[in-house]
There are 2 protein chains.
Amino acid sequence: MAKQERAVRTRGTLIRSAAEIFDTDGFVAASISAISSRAGVSGGALHFHFPSKSALAEAIEAEAERRLRLITCRTPAPSECPLRLLVDASHELFDQLNNDVVLRAGFSLGCEAAWRGEVDLHGQWKDWIGSTLASAADRGVLADGTAPEDAATVVAASTVGFEALGRKNPEWLSPQRLGRFWRFMLPRLEREGRAEAVFQKGTQ
Amino acid sequence: MAKQERAVRTRGTLIRSAAEIFDTDGFVAASISAISSRAGVSGGALHFHFPSKSALAEAIEAEAERRLRLITCRTPAPSECPLRLLVDASHELFDQLNNDVVLRAGFSLGCEAAWRGEVDLHGQWKDWIGSTLASAADRGVLADGTAPEDAATVVAASTVGFEALGRKNPEWLSPQRLGRFWRFMLPRLEREGRAEAVFQKGTQ
């Protein structure tokens, strides 16, 4: 393996190991030596890549931001219902919060009192929900009297609440729980008679 | 001041000071010496009341639980709309989360990765929402097809989301934001024609 390739791989391993330790212990309690030993690298190698624990947290947030963007990069195609896109993206986000420790640690860092990062994952998620619901409004998909910004507030706050509650009880991040949320919420957002069409395309 | 009275007062001051330090630094980063100096007592006096930082966290959670119960102790009177009670209690909770650092620190502890307490404030809040919405259903106040447990999930998750987002941006805990939430949500929960009556009684 070329030297550069090995360095990239070590860096990725360190980010993942730090995310695992942050995920169980939190940022402040996480120890640098636990991270290097989890990653199977020396303390010196860790410091070569990341001069401090804060540098590791910043790298986790940057990587989590990149992964969140893969979920929220899409705008609805002309033939696609924006609400359908929103439902799918939320399922994808929850699936990744369950399975991807880097994304999960990135979101958790955003709620840690002792950490002030530059990246605002919750804000990015909320903004994307807002713009997707705005395009639902433009296309006349929302029920009369539904302001897209109010709907975005409710959907964003609910999903952030699921994520916060899911940190101690993973059932909150299950597809069943999210499916029930949407079954409750969609008919209350959509112009009458459209909810069925969104569900028929396969939301569980 | 009698000796016992002074001890009670010192204990209260220590709980409040610990909550202030936990609120800004988080549980793990909070230092015992910062807490005793904030409280204006010696390290020895602190240890006399609380043998460890965990004991302080437990006392904060117990006190936060007592304060939450003062908000959620009520069941709707026969002449009272359960949804009205829910709206009022949520405004009271948010008002106290803004102004009462002990309650706020109690809720934050519930989301700290490194802290495993016995008290589940989020769960207690959700359970109370559930039972209040169940009595709304019993009284025929909920819209047809609205399962009280699904409505409780959405209201609980949203309010927990507001609380989580409010930790870094207090605007999420403003009465205006919560008022907009209810203005969006109530007409979607209630049997048609009732929402107006709930709002006319004075929700801002």
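Residues numbered from 1 in each chain as written. Chains lettered and ligands numbered in written order. Predicted model: local features only at pLDDT ≥ 70, side-chain atom pairs only at ≥ 80, totals over all residues. Heavy atoms only, no water.

- As named in an unreviewed UniProt entry, chain A is TetR family transcriptional regulator, taken from Streptomyces termitum.

## Considerations on the packing of helix H4 (residues 53-72) of chain A against helix H6 (residues 101-109) of chain A
Residues and elements named next belong to chain A.
Then, in step 1: Axis separation between H4 and H6 bottoms out at 8 Å; the angle between their running directions is 115°. One way to sum up the angle between H4 and H6 is to call them roughly perpendicular. Crossing of H4 over H6 shows left-handed handedness. Contacts between H4 and H6 involve Ala-57, Ile-60, Glu-61, Glu-63, Ala-64, Arg-67 and Leu-68 from the first element and Val-102, Leu-103, Ala-105, Gly-106, Phe-107 and Leu-109 from the second.
Then, in step 2: The residue makeup of the contact of H4 with H6, split by class, is nine nonpolar, one polar and three charged. (Axes fitted to C-alpha atoms, helices over the stretch in contact; angles between N-to-C directions. Helix = DSSP H or I, 4+ residues; strand = E, 2+ residues; numbered from the N terminus. Parallel < 35°, antiparallel > 145°, perpendicular 65-115°, else oblique. Left-handed = near helix turned anticlockwise from the far one by under 90°. Contact = heavy atoms within 4.5 Å. Nonpolar A, V, L, I, M, F, W, Y, C, P; charged D, E, K, R; others polar.)

## Points about the pattern of salt bridges
Then, in step 1: Summed over all chains, the structure comprises 28 salt bridges over all chains.
Then, in step 2: A salt bridge links Arg-16 of chain A to Glu-20 of chain A; its shortest N-O distance comes to 3.1 Å. Of the two residues, Arg-16 of chain A and Glu-20 of chain A both sit in helix H1 (residues 3-25), four residues apart, roughly one turn of that helix.
Then, in step 3: Since its relative accessible area comes to 19%, Glu-20 of chain A is described here as buried.
Then, in step 4: A salt bridge links Arg-9 of chain B to Glu-5 of chain B; the nearest nitrogen and oxygen atoms lie 3.9 Å apart. One end of the pair is Arg-9 of chain B and the other is Glu-5 of chain B, both in helix H1 (residues 3-25) and four residues apart, which spans about a single turn.
Then, in step 5: What you see here is one network of salt bridges that share partners, running through Glu-63, Arg-66, Arg-67 and Asp-100 of chain A. (Salt bridge = Lys/Arg side-chain N within 4 Å of Asp/Glu carboxyl O. Buried < 20%, exposed > 50% of the residue type's maximum accessible area, 1.4 Å probe, protein only.)

## What to know about the relation of the copies chain B and chain A
Then, in step 1: Mapping chain B onto chain A calls for a screw motion: a turn of 180° about the axis and a shift of 0.0 Å along it, with 0.0 Å RMSD after fitting. The transformation just described matches what one would write down for a two-fold rotation axis.
Then, in step 2: The residues that chain B uses at the interface reappear at the interface of chain A in 100% of cases, marking a shared surface. (Least-squares fit on C-alpha atoms with pLDDT ≥ 70 in both.)

## Focus: the environment of Asp-100 of chain A
Residue and element names in this part refer to chain A.
Then, in step 1: Among the structural elements, Asp-100 can be located in the loop between helix H5 (82-99) and H6.
Then, in step 2: What makes Asp-100 buried here is its relative accessible area of 11%.
Then, in step 3: Between the C-alpha atoms of Asp-100 and Pro-51, which are 49 residues apart in sequence, the distance is 24 Å.

## Quick word on the UniProt feature "domain: HTH tetR-type" (unreviewed entry) in chain A
Then, in step 1: On the UniProt side, "domain: HTH tetR-type" (unreviewed entry) is annotated at positions that read residues 8-68 of chain A here.
Then, in step 2: Note that residues 8-68 of chain A is 80% helix and 0% strand, and that its end C-alpha atoms are spaced 21 Å apart. (UniProt positions renumbered as here; feature names shortened; annotations may be inferred.)

## A closer look at the interface of chain B and chain A
Then, in step 1: Taken together, the contacts link 41 residues of chain B with 41 residues of chain A.
Then, in step 2: Summing both partners gives a buried area of about 3000 Å² for chain B against chain A, and 64% of it is carried by carbon and sulfur.
Then, in step 3: Where chain B packs against chain A, one counts two salt bridges.
Then, in step 4: For Asp-150 of chain B, the salt bridge goes to Arg-180 of chain A, with nearest N and O atoms at 2.7 Å.
Then, in step 5: Connecting chain B to chain A are eight residue pairs in polar contact (both at pLDDT 80 or more).
Then, in step 6: Of all the elements in the fold, those that place two or more residues in the side of chain B that touches chain A are H1, helix H7 (121-138), helix H8 (148-166) and helix H9 (175-189) of chain B. (Buried area = accessible area lost by both parts, 1.4 Å probe. Polar contact = N/O pair within 3.5 Å; in protein donor to acceptor, adjacent residues only side chain to side chain.)

## A look at the UniProt feature "DNA-binding region" (unreviewed entry) in chain A
Then, in step 1: When the UniProt feature table is mapped onto this chain numbering, "DNA-binding region" (unreviewed entry) sits at residues 31-50 of chain A.
Then, in step 2: Segment residues 31-50 of chain A splits into 75% helix and 0% strand. End C-alpha atoms: 13 Å apart.

## Focus: the state of the cysteines
Residue and element names in this part refer to chain B.
Then, in step 1: Under the criterion given, the structure shown has zero disulfides over all chains.
Then, in step 2: In this structure Cys-73 is not part of a disulfide, and its nearest cysteine sulfur, from Cys-81, lies 18 Å away.
Then, in step 3: Relative accessible area serves as the criterion here: at 54%, Cys-73 is assigned to the exposed category.
Then, in step 4: On the accessibility criterion, Cys-81 (7% relative accessible area) is buried. (Disulfide = S-S within 2.5 Å.)

## Some remarks on the confidence of the model for chain A
Residues and elements named next belong to chain A.
Then, in step 1: Across chain A, pLDDT averages 90, with 94% of residues at or above 70.
Then, in step 2: Predicted confidence is poor over residues 200-204, with pLDDT under 50, and the contacts of this stretch with residues over four places away or in other chains come to 10 contacts.
Then, in step 3: At the level of chain-chain contacts, confidence expressed as ipTM amounts to 0.83, with global pTM at 0.86. (pLDDT = per-residue confidence, 0-100.)

## A short note on the packing of aromatic side chains
All names here are of chain A.
Then, in step 1: Applying the stated criterion across every chain yields a total of 14 aromatic pairs over all chains.
Then, in step 2: Residues Phe-94 and Phe-162 carry aromatic rings whose centres are separated by 5.8 Å and whose planes lie at 75° to one another, so their mutual orientation is edge-to-face. Here Phe-94 is found in helix H5, whereas its partner Phe-162 is found in helix H8 (residues 148-166), with 68 residues between them in sequence.
Then, in step 3: Taken together, the aromatic side chains of Phe-94, Phe-162, Trp-172, Phe-181 and Trp-182 make up a single cluster linked through ring pairs.
Then, in step 4: The ring of Trp-172 has Arg-177 lying over it, and the distance from NZ or CZ to the ring centre is 3.9 Å. (Phe/Tyr/Trp six-rings, centres within 6.5 Å; stacked < 30°, edge-to-face > 60°. Lys NZ or Arg CZ within 6 Å of the ring centre and 35° of its normal.)

## A short note on the packing of H5 of chain A against helix H7 (residues 121-138) of chain A
Residues and elements named next belong to chain A.
Then, in step 1: Remark: H5 packs on H7, axes separated minimally by 8 Å, with the N-to-C direction vectors making an angle of 160°. Overall, the two elements H5 and H7 adopt an arrangement that is roughly antiparallel. For the element pair H5 and H7, the recorded crossing hand is left-handed. Within the contact between the two elements, H5 uses Pro-82, Leu-83, Leu-85, Leu-86, Ala-89, Ser-90 and Leu-93 and H7 uses Trp-125, Trp-128, Ile-129, Thr-132, Leu-133, Ser-135 and Ala-136.
Then, in step 2: Partitioning the contact of H5 with H7 into residue classes produces 11 nonpolar, three polar and no charged.

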